[in-house]
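Per-entry structural report
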Amino acid sequence: MKLDAPGITLDLPPGWEAEVDGGSGEAGPDAPPVRTPRTHIADFPLPAHRGDYGSFAVEQMQRGNTLICLLEEAGDAARSRLHAHDGVPRLTAGDFSAAAMQRPRAGQSGAQAFFRVGGRAFVLYVVLADRLDRAGQVDEVNRVLAGITIHP
């Protein structure tokens, strides 16, 4: 599947789907809501309504499913030390932990990474629904990540 959206191109392996939209505008504890583009990529049917970090989607995941959330951050975030990694990162099985889940769910593990492309800053949040087979799932996640092109 190939998806061209403003500022991003996805070339996904068979069995994956994606949606790019304007985001929910969820506010942080000390910040007003800001709508920035978000991309959800999954190897299962994405529900129509879901939060930026996949709420309402992670609850539908079956063993072996994967959800990738790519969220653009607003403002000067690209210049922050947090986003010092340049380019879409690749992950390892060791990056995943049940403790990294936004909302812990039995059997699931998550990983989060921050990066930039040009003057754009991003958060990558990935959920694996089979914590015991992380190594096999991470290879597929990295194939998906390799198919993401962000246009600065």
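Okay, so let's go over this structure. The shown structure was predicted, so the numbers you read here are calculated from the model rather than taken from an experiment.

**Some details on the packing of aromatic side chains**
- This structure, assessed with the given rule, holds two aromatic pairs.
- Between the aromatic rings of tyrosine 53 and tyrosine 125, the centroid separation amounts to 5.6 Å while the plane-to-plane angle is 75°, which identifies the pairing as edge-to-face. Of this pair, tyrosine 53 sits in the loop between β4 (38-42) and β5 (66-73) while tyrosine 125 sits in strand β7 (residues 120-128); the two residues are 72 residues apart in sequence, bridging distant segments of the chain.
- The exposure class assigned to tyrosine 53 is partly exposed, which follows from its relative accessible area of 24%.
- Judged by its relative accessible area of 3%, tyrosine 125 falls in the buried class.
- Centre to centre, the rings of phenylalanine 115 and phenylalanine 122 are 5.3 Å apart; their planes meet at 15°, and the pair counts as stacked.
- By relative accessible area, phenylalanine 115 is classed as buried at 0%.

**Considerations on the sheet that holds strand β2 (residues 8-11)**
- As summarised here, the arrangement of the three strands in space is β1-β2-β8, forming an open sheet in which the pairing is antiparallel. Each having just a single partner strand, β1 (2-5) and β8 (148-150) make up the two edges of the open sheet. Strand-to-strand, the axes of this sheet are offset by a mean angle of 5°, without reference to chain direction.
- Here β2 pairs with β8 via three bridges, running antiparallel. Bridging across to β8, isoleucine 8 finds its partner in isoleucine 150.

**With respect to the pairing of β7**
- Among the nine residues of β7, nine are classified as buried, and the element is accordingly described as predominantly covered.
- Here β7 shows no split at all, with Arg120, Phe122, Leu124, Val126 and Leu128 on one side and Ala121, Val123, Tyr125 and Val127 on the other all buried.
- Of the pairings in the sheet, the one linking β5 to β7 comprises eight bridges and is antiparallel in character. What sits directly across from threonine 66, in β7, is leucine 128.
- Two strands pair when backbone bridges link them, and strand β6 (residues 109-117) and β7 are joined in this way by nine bridges, in the antiparallel orientation. Directly across from serine 109, in β7, lies its bridge partner leucine 128.
- In this antiparallel pair of consecutive strands, β6 and β7, the connection spans two residues, and glycine 118 shows a positive phi of 60°.

Rules behind the numbers
Position numbers for residues start from 1 in each chain and track the written sequence from start to end. In keeping with the model being predicted, local features are shown solely for residues with a pLDDT of at least 70 and side-chain atom pairs are shown and tallied solely at 80 or more, while totals for entire chains, interfaces and linings include all residues. Hydrogens and waters are ignored; side-chain quantities use all the structure's heavy atoms. The pairing test for Phe, Tyr and Trp rings, Trp by its six-membered ring, is centres within 6.5 Å, and the orientation test on the planes gives stacked under 30 degrees, edge-to-face over 60, and tilted for anything in between. Secondary structure elements follow DSSP: runs of H or I of four or more residues count as helices, runs of E of two or more count as strands, with numbering from the N terminus. Note on classification: 1.4 Å probe, protein chains only; a residue is buried when its accessible area is under 20% of the maximum for its type, exposed when over 50%, partly exposed between these limits. By the convention used here, strands pair only if DSSP detects at least 2 bridges between them. Structural elements are reduced to axes, namely lines fitted to C-alpha atoms, with helices fitted over the stretch in contact, and the angle between N-to-C directions of any two is expressed from 0 to 180 degrees.

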